[in-house]
There are 2 protein chains.
Amino acid sequence: MRVSSQIAEFDSIELDCGQTLAPVSVAYETYGELNQRRSNAILILHAFSGDAHAAGNGANGKQRGWWDNMIGPAKAFDTNRYFVISSNVLGGCAGTTGPSSTDPATGKPYGSQFPHVSIADMVRLQKQLTDSLGIRKLLCVSGGSMGGMQALQWAASYPDAVASVIPIASTHRHSAQQIAFNEVGRQAILADPDFCHGDYYGGTYPERGLAVARMVGHITYMSDDSMREKFGRRRRSAADESDMFEVESYLRYRGGQFVSRFDANSYIVITRAMDTFDLTAQRDSLEDCFAQGNTRFLVLSFTSDWLYPSYQSQEITRALRSRNRDVAYVELQSNYGHDAFLLEADGQTPLIKGFLENTHQRLTG
Amino acid sequence: MRVSSQIAEFDSIELDCGQTLAPVSVAYETYGELNQRRSNAILILHAFSGDAHAAGNGANGKQRGWWDNMIGPAKAFDTNRYFVISSNVLGGCAGTTGPSSTDPATGKPYGSQFPHVSIADMVRLQKQLTDSLGIRKLLCVSGGSMGGMQALQWAASYPDAVASVIPIASTHRHSAQQIAFNEVGRQAILADPDFCHGDYYGGTYPERGLAVARMVGHITYMSDDSMREKFGRRRRSAADESDMFEVESYLRYRGGQFVSRFDANSYIVITRAMDTFDLTAQRDSLEDCFAQGNTRFLVLSFTSDWLYPSYQSQEITRALRSRNRDVAYVELQSNYGHDAFLLEADGQTPLIKGFLENTHQRLTG
């Protein structure tokens, strides 16, 4: 499978907050080939800490893509049939314009001056990207977690530009608990004296705060069961502290690993985008968000996901059905918690394959 | 109701880790009167951040006790009938010897030199306290969360000295998830540069880290439902940041409030005691911990408590039944999550009242 990593630059983007970013870049990868009718394009959107590198098996020194078990020849998103585009989000730190990018007005990183971005802003930039690739109508937009929020926003913002949407382990708005977990992560970063109100570039990075924030995240991504299976109460000896629990060692490792690849300001900007995302606030009701267009929906959730519980997917499904929209909802059995959308390829693959095939037939038939 | 606040000092206590603390003090309160037969004494043990002030309605400038809805005349723990003792834990920061106490060897606070304490050590100190009060056999030992762990440890350590035990929303050992949440709190404290390896007394206290640790705790004490009911997605205006979510404001407030009354070293010492608590490791099996004595058990849990889920109380009940012990288990309906043991007085009161009355009759009849 050919993996193409690129950066597209656009003149500017107007944000919901009223500010403009100019210029604006977006990092993306593509897998497979766009057909002549341009009817086989699928847009894949990553979760909070993901990046554009969704697929590719880790050859040539590259890491394995975060959804490599789902994107590739004969996989759920079959690159023998479809042209898959994976886009990094606005506000991130993996090639797309974000707080660590250079502000052309000052020649320095935006830092604390980076504006508030919304999920709709992220989607607006993705629309510029797909327009630039000459795609008028996407066969499908899909993603898990925050990727699912973006997919839902696509259906609300551009109903005629997307034939189908697959939001996975996602929601149309965060609950108080989801906001609370994000807020703890933000407060851990703000508590780090190295944060310096976000203007730490060129100095010491607020790594301790960011690592703590990430540890909270990791607990919420797993289930009580999956943590028991993976760690139980097993101990391990550490150089600095004997008889540490394995789960402690794991969290410290993952926290420490995260700071080398993620930016604290992006953590704050992106979690804010998630927390303020609320489709019901964009129209009179959630139902009204989906009143237009012929977009088809496949909504997936997982039994043990307590961070994005199934009831949130069911709320989306209910709103769609009440507008007589074409929607199927499946709750998949899994012990992996929220991480299931990354891990449970076997459960998701036949559902997604069939749905995409059927959608493609309708679109082109 | 007369509330008596006192500090008892003992020569020393030998700890499971092999070290000795000498002298050692314990803060406690008593409510009601000990009868002539000394058969009506109940020991109440607090949760992680509690203190000895369990009851008292807030008169005379004192705060309302943390279990005032459960302890008092005609309440679940009826002070017209019973003599209730509430003891602060070893390692804490509310009058009992802990890391902020003066180390007689140096004349300075123990700080980083405070030894590891176990739940069994806490219970050993409580035993010294009840012995000093002339109580040979307690009518009951009860507490929620970590208080329930101590109550279970009483039954294992001193089966002949306790007629009944009521562990509420508790466990005989922490799961990987419970350890993980505590570890995040500890890491938030360790990440605070003011922590200085625990020797911050006389300097700046690691308030930012401790506040973040507390925020994580508060999320785990509530349920998804109770957070939705209490906060939803409501906003409030703040001086420093407009349109903050109410749940964010609440967490920041509770985090900030906590640092004024709690000690960061105690946070670490006590969460370590909880995480390393494992009744199954003290004998060949959990069942063997309860092989001796005639102690009766009333085990309570709450439907929405995801931090100390009902399955943990059921494991205890199963072990007790397999040894033909006198045990009743009730899962109470509640939306309050782990906080339910503090809030759901109506559900707990009739169960506890009847159980205590029956136990007292058997003990004295």
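What you are looking at is a predicted structure, and each value in this text was computed from that prediction instead of being measured. (Residues numbered from 1 in each chain as written. Chains lettered and ligands numbered in written order. Predicted model: local features only at pLDDT ≥ 70, side-chain atom pairs only at ≥ 80, totals over all residues. Heavy atoms only, no water.)

What follows deals with helix H1 (residues 119-132) of chain B. All names here are of chain B. Given a rise of 1.5 Å per residue, 14 residues ought to cover 20 Å, and the 20 Å separating the end C-alpha atoms of H1 matches this to within 8%. Burial analysis of H1 places 10 of its 14 residues in the buried class, the great majority of the element. Residues of H1 that are buried: Ile119, Ala120, Asp121, Met122, Val123, Leu125, Gln126, Lys127, Leu129 and Thr130. Put simply, Ser118 is the residue that caps the front of H1, since its side-chain oxygen is 3.3 Å from the backbone nitrogen of Ala120. Downstream of H1 by a residue or two, Gly134 has a phi angle that is positive, lying close to 80°. (Helix = DSSP H or I, 4+ residues; strand = E, 2+ residues; numbered from the N terminus. Expected span 1.5 Å × (residues − 1). Buried < 20%, exposed > 50% of the residue type's maximum accessible area, 1.4 Å probe, protein only. Polar contact = N/O pair within 3.5 Å; in protein donor to acceptor, adjacent residues only side chain to side chain.)

What follows is about the sheet that holds strand S16 (residues 327-332) of chain B. Residues and elements named next belong to chain B. With mixed pairing, the eight strands of this open sheet are ordered in space as S1-S4-S8-S5-S11-S12-S15-S16. The strands lining the two open edges of the sheet, one partner per strand, are strand S1 (3-10) and S16. Taken pair by pair, the neighbouring strands of this sheet meet at an average axis angle of 20°, ignoring direction. Strand contacts of helix H12 (residues 345-364): strand S5 (41-45), strand S11 (140-144), strand S12 (164-168), strand S15 (296-302) and S16, with the helix running at about 175° to S15, the strand carrying the most contacts. (Pairing = 2+ DSSP bridges. Axes fitted to C-alpha atoms, helices over the stretch in contact; angles between N-to-C directions. Contact = heavy atoms within 4.5 Å.)

Once that is clear, we can look at the sheet that holds strand S5 (residues 41-45) of chain A. All names here are of chain A. In spatial order, the strands read S1-S4-S8-S5-S11-S12-S15-S16; together these eight strands make up an open sheet with mixed pairing. Sheet topology places strand S1 (3-10) and strand S16 (327-332) at the edges, where each strand pairs with a single neighbour. Strand-to-strand, the axes of this sheet are offset by a mean angle of 20°, without reference to chain direction. Both strand S11 (residues 140-144) and strand S12 (residues 164-168) contribute to a ladder of four bridges, which runs parallel. Residue pairing for S12: Ser142 is matched across the bridge by Ile166. Relative to strand S15 (residues 296-302), helix H10 (residues 310-322) is tilted by about 160°, and along the sheet it contacts S15 and S16.

All names here are of chain A. For Thr271, the location among the structural elements is in helix H7 (residues 264-276). Of the residues examined, Thr271 reaches a relative accessible area of 0% and is grouped as buried. One polar contact links the side chain of Thr271 to the main-chain carbonyl oxygen of Tyr267, over a distance of 2.8 Å. In contact with Thr271, not counting residues within four places along its chain, are Phe48, Asn182, Arg186 and Ser266.

Let us look at unusual backbone geometry. A cis geometry characterises the amide bond from Ala22(A) onward to Pro23(A), with omega recorded as -5°. Tracing the sequence through the fold places Pro23(A) in the loop between strand S3 (20-21) and strand S4 (24-31). Despite not being glycine, Ser145(B) has its phi angle at roughly 60°, a positive value. With relative accessibility at 5%, the residue Ser145(B) sits in the buried group. A positive phi angle, near 60°, is found at Asn324(B), a position not held by glycine. Following the sequence through the fold, Asn324(B) ends up in the loop between helix H10 (310-322) and S16. According to the relative accessible area criterion, Asn324(B) is exposed, its value standing at 62%.

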